[in-house]
Amino acid sequence: MRFNWTFDDRRQQLRSPAGTVVSVREIAQMLADRRDCRYDFMGEWSGWKMRRQFLIPPFSGRNGPKLTPANARLFLAWVKEPARLDALDRMQADKPRLYLVR
């Protein structure tokens, strides 16, 4: 099967058989975004962006908060901290408690 795409050299655009127009600039931008790891998520993650190694929440500017792999590890350790402390408390509960008597 052969598809008949046409190219308008003056406008620098490709036209699909269905009539969809894609400019060479859009293709170049898509390739540059992919190369530089720039993604704008859709659906439930709409508004979130990925720029290089940074996950950027919605409505935060260039200097706003970003989630990096290092931050994610620290956050995960912080979230697990209460569970670790609870486990330590349970381990210490088996030991007799010592009191200072004066």
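For the structure itself, consult the block above.
Because the structure is a prediction, the values reported are computed rather than measured.

Trainee: What am I meant to see in the layout of surface pockets here?
Mentor: Using a probe with the size of a water molecule, rolled over the atoms, empty space left in the structure can be pinpointed. Put simply, the largest pocket is a space of about 210 Å³. Along the walls of the largest pocket sit Lys49, Arg51, Arg52, Phe54, Ile56, Ser60, Gly61, Arg62 and Lys66, which together make up its complete lining. Listing elements by their share of the lining of the largest pocket, those giving two or more residues are β5 (49-51) and β6 (54-56). Here the residues of the lining of the largest pocket are counted per class, giving two nonpolar, two polar and five charged.

Trainee: In this structure, what is going on with the sheet that holds strand β3 (residues 21-23)? I would like to understand it.
Mentor: What links the strands of a sheet is backbone hydrogen bonding, and the strands pair in either a parallel or an antiparallel sense. Taken together, three strands build an open sheet; the order of strands is β1-β2-β3 and the sheet is antiparallel. Each edge of the sheet is formed by a strand with only one pairing partner; in this case those strands are β1 (6-8) and β3. With strand direction ignored, the average angle separating the axes of adjacent strands in the sheet is 25°. The sheet contact formed by β1 and strand β2 (residues 13-15) spans three bridges and is antiparallel. For Thr6, the partnering residue across the bridge sits in β2 and is Arg15. Helix α1 (residues 24-35) contacts β1, β2 and β3 of the sheet and is inclined by roughly 65° relative to β3.

Each value, and the rule that gives it
Residues numbered from 1 in each chain as written. Predicted model: local features only at pLDDT ≥ 70, side-chain atom pairs only at ≥ 80, totals over all residues. Heavy atoms only, no water. 1 Å grid on protein atoms, 1.4 Å probe; cavity = no way out; pocket = protein on both sides within 12 Å on 5 of 7 lines; lining within 4 Å. Points joined across faces, edges and corners; volume = space filled by probe spheres on them. Helix = DSSP H or I, 4+ residues; strand = E, 2+ residues; numbered from the N terminus. Nonpolar A, V, L, I, M, F, W, Y, C, P; charged D, E, K, R; others polar. Pairing = 2+ DSSP bridges. Axes fitted to C-alpha atoms, helices over the stretch in contact; angles between N-to-C directions. Contact = heavy atoms within 4.5 Å.

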